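Okay, here's what each chain looks like letter by letter:
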Amino acid sequence: MRSLTARQRQVLLLAANGNTNAAIAGRLGVSPHSVGEILTAAYRRLGASDRAQAVAIALAVGELGVHQIHIPNEPREAAA
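As a starting point, this report considers the structure included with it. Note on numbering: residues in each chain are counted from 1, in written sequence order. In keeping with the model being predicted, local features are shown solely for residues with a pLDDT of at least 70 and side-chain atom pairs are shown and tallied solely at 80 or more, while totals for entire chains, interfaces and linings include all residues. The side-chain figures draw on all heavy atoms in the structure; neither hydrogens nor water molecules are used.

## Looking at the overall build of the protein
A run of DSSP states H or I qualifies as a helix once it reaches four residues; a run of E qualifies as a strand once it reaches two. Both are numbered from the N-terminal end. Assigned secondary structure in the protein consists of 4 helices and 0 strands. Starting at the N terminus and walking to the C terminus, you meet the elements of the protein as α-α-α-α. Throughout, radius of gyration means the C-alpha value; the globule benchmark is 2.2 Å times the number of residues raised to the power 0.38. For the protein, the C-alpha radius of gyration of 13 Å lies close to 12 Å, the compact-globule estimate for 80 residues. Dimensions of the protein along its principal axes, counting C-alpha atoms only, are 40 × 30 × 20 Å. Using a 1.4 Å probe on the protein chains alone, a residue whose accessible area is under 20% of its type maximum counts as buried, one over 50% counts as exposed, and one in between counts as partly exposed. Here the protein holds 80 residues, and 30% of them are scored as buried. By the convention used here, residues are in contact when the closest approach between their heavy atoms is within 4.5 Å. For the protein, the proportion of contacts with a sequence separation of at least 24, taken over those separated by at least 6, is 56%. When charges are counted, Lys and Arg are positive and Asp and Glu negative, with His and the chain ends excluded. Charge positions are represented by NZ for Lys, CZ for Arg, CG for Asp and CD for Glu. Charged side chains in the protein number 8 positive and 5 negative. The centres of these two groups are separated by 12 Å.

Have a look at this one:
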């Protein structure tokens, strides 16, 4: 497994903290499509098949730190 690039790590961290691709794109000044491409490349590097697995692997191998993941203050409402 290869290490993530700084940009892949940044985008995966924003995703791990509950941001949508659109929100990440707005924050970084890129298109949502670019965010998707960056995440896909990160998944490949980590050997992950989706966002949740990528975050779990990144935490396990030290690409992301548990201290970087922010727990929401209030529980989310269940979708009706």
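After presenting the structure, the write-up continues.
## Comments concerning the side chain of glutamine 8
Residue placement: glutamine 8 occurs in helix α1 (residues 6-16). Within the structure, the side chain of glutamine 8 is placed 3.0 Å from the backbone nitrogen of threonine 5, a separation counted as a polar contact. Each polar contact in these results corresponds to two N or O atoms within 3.5 Å; when the atoms are within protein, one needs to be able to donate a hydrogen and the other to accept it, and residues that are neighboring in sequence are counted only if both atoms are side-chain atoms.

Remember, this is a structural readout, not a statement about activity or role.
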